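Residue strings, one per chain:
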Amino acid sequence: MANTYEDFKNWFLRLSGIDLNCYKESQMKRRIDNFYTRRKFNGYEDFFAALSKDAEMQADFTGYLTINVSEFYRNPPQWQMVEKDVYPTLIERFGKNLNIWSAACSTGDEPYTLAMLLAEHVPLQQVNILATDLDVDILKKAQEGRYVEKSIAGLPKIYKDKYFTSDGDGYVRISDEIKKRITFKHHNLLKDPYPRGMHLIVCRNVMIYFTEEAKDEIYHKFSNSMVDNGIFFVGSTEQIIKPAQYNFVSAKSFFYEKTKE
């Protein structure tokens, strides 16, 4: 039985394929302890017994661990950079059919934003974005495309007017035209194969939860996933230390360019 935190990590890996050893222990252990304490379990063994019998609880727990925090146009100056600099640069280099991957996409705010901004540069029918996440339930919410109004508060009015309609109950829905441009898939950054030939990869505010060893492995995989001169967009709290080891060079704050190997 899962008497200790180490026991629990080993058991959960066998159950879910999620290796908790790759996450910073202090943060992850605190989240797990908070989860089972709020539900009145007495410890890992008690929690283990209940979790192994309750599929709904397992799904809730996985969603809780994956820390889904997102919003449209989060950190506006960075998105302005995507629209006014990154996209024009990529289109000049590679043409209008860009391969774009939103990794750890959470509720879909990020890939939908990417699609709206790209549609200002190319016909909407040429916009195709891969969006992936570890949490299956959160991917279902993303595919639904329904959000509380405050989640689009920072989005420029042009995009609100063009791509959203109100449900009249404090929620808005994104247009089917934009939804069709996104392919949502389940993906585990720690163990699943990465797509190839990406011109732009966006992975923001996720790497901060991983250990240094896990980050090193993931950055190498992201680099291998990209074409030469492609661009990698990271979160506002993240910085790649010694990017050259991954064949990256810092282009601007929060943007890295893949160099030729």
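Above this text sits the structure in question.
Presented here is a report on the structure given in the accompanying data block. Note that the structure is predicted; figures quoted are calculated from it, not measured.

**What about the pattern of salt bridges?**
Thought 1: A complete count under the given rule lists 13 salt bridges for this structure.
Thought 2: Between D161 and K157 there is a salt bridge; the shortest N-O distance is 2.5 Å. Separated by four residues within a single helix, D161 and K157 lie in helix α8 (residues 157-163), roughly one turn from each other.
Thought 3: Overall, K157 belongs to the exposed group, its relative accessible area being 60%.
Thought 4: In this structure, the salt-bridge partner of K258 is D228, at a minimum N-O distance of 4.0 Å. Note that K258 is positioned in strand β10 (residues 255-258) and D228 in strand β8 (residues 226-234), a separation of 30 residues in sequence.
Thought 5: According to the relative accessible area criterion, K258 is buried, its value standing at 2%.
Thought 6: Relative accessible area serves as the criterion here: at 31%, D228 is assigned to the partly exposed category.

**Comments concerning the sheet that holds strand β5 (residues 171-174)**
Thought 1: Read from one edge of the open sheet, three strands run β3-β5-β4, paired in antiparallel fashion. Both edges of this open sheet fall to β3 (146-148) and β4 (164-166), since each of them pairs with a single strand only. For this sheet, the mean inter-axis angle between neighbouring strands, taken without regard to orientation, is 35 degrees.

**So, the pairing of strand β9 (residues 248-252)**
Thought 1: With four bridges joining them, β9 and β10 adopt antiparallel strand pairing. Counted as the bridge partner of V249 is E257 from β10.

**Looking at the packing of helix α1 (residues 5-16) against helix α4 (residues 55-65)**
Thought 1: At a closest axis distance of 13 Å, the pairing of α1 and α4 adopts a crossing angle of 110 degrees. The angle between the axes of α1 and α4 places the two elements in the roughly perpendicular class. Of α4, the residues touching α1 (which contributes F8, F12 and L15) are Q58, F61, T62 and L65.
Thought 2: In the contact of α1 with α4, the residues fall into five nonpolar, two polar and no charged.

**A short note on the packing of aromatic side chains**
Thought 1: Summed over the entire model, instances satisfying the criterion amount to 29 aromatic pairs.
Thought 2: Considering the side-chain rings of W79 and F233, the 5.5 Å spacing of their centres and the 80 degrees angle between planes classify their relative orientation as edge-to-face. Of this pair, W79 sits in helix α5 (residues 76-94) while F233 is found in strand β8, placing the two residues 154 residues apart along the sequence. The same class applies to W79 as to F233, namely buried.
Thought 3: Look at F222 and F232: their rings are 5.0 Å apart centre to centre, the planes differ by 40 degrees, and that puts the pair in the tilted class. In this pair, F222 sits in helix α10 (residues 212-225) while F232 sits in strand β8, placing the two residues ten residues apart along the sequence.

**Comments concerning the sheet that holds strand β7 (residues 198-203)**
Hydrogen bonds between backbone atoms are what pair the strands of a sheet, whose relative direction is either parallel or antiparallel.
Thought 1: Reading across the sheet, the seven strands line up as β6-β2-β1-β7-β8-β10-β9 and stay open at both edges, with mixed pairing between neighbours. Every interior strand has two partners, whereas the edge strands, β6 (182-186) and β9, have only one. The average undirected angle you get between the axes of adjacent strands in this sheet is 25 degrees.
Thought 2: Each of β2 (129-133) and β6 is contacted by helix α7 (residues 136-144), which is oriented at about 165 degrees to β6, the strand it contacts most.
Thought 3: In the packing of α10 onto the sheet, the strands contacted are β1 (100-102), β7, β8, β9 and β10, and the crossing angle to β8 comes to about 135 degrees.

**Some details on unusual backbone geometry**
Thought 1: Of note in this structure, K40 is not a glycine but carries a positive phi near 70 degrees.
Thought 2: Structurally, K40 can be placed in the loop between α2 (25-38) and α3 (44-51).
Thought 3: Phi at N229 takes a positive value of approximately 70 degrees, unusual for a residue other than glycine.
Thought 4: Within the element layout of this structure, N229 appears in strand β8.
Thought 5: The partly exposed category is assigned to N229, whose relative accessible area is 26%.

Each value, and the rule that gives it
Residues numbered from 1 in each chain as written. Predicted model: local features only at pLDDT ≥ 70, side-chain atom pairs only at ≥ 80, totals over all residues. Heavy atoms only, no water. Salt bridge = Lys/Arg side-chain N within 4 Å of Asp/Glu carboxyl O. Helix = DSSP H or I, 4+ residues; strand = E, 2+ residues; numbered from the N terminus. Buried < 20%, exposed > 50% of the residue type's maximum accessible area, 1.4 Å probe, protein only. Pairing = 2+ DSSP bridges. Axes fitted to C-alpha atoms, helices over the stretch in contact; angles between N-to-C directions. Parallel < 35°, antiparallel > 145°, perpendicular 65-115°, else oblique. Contact = heavy atoms within 4.5 Å. Nonpolar A, V, L, I, M, F, W, Y, C, P; charged D, E, K, R; others polar. Phe/Tyr/Trp six-rings, centres within 6.5 Å; stacked < 30°, edge-to-face > 60°.

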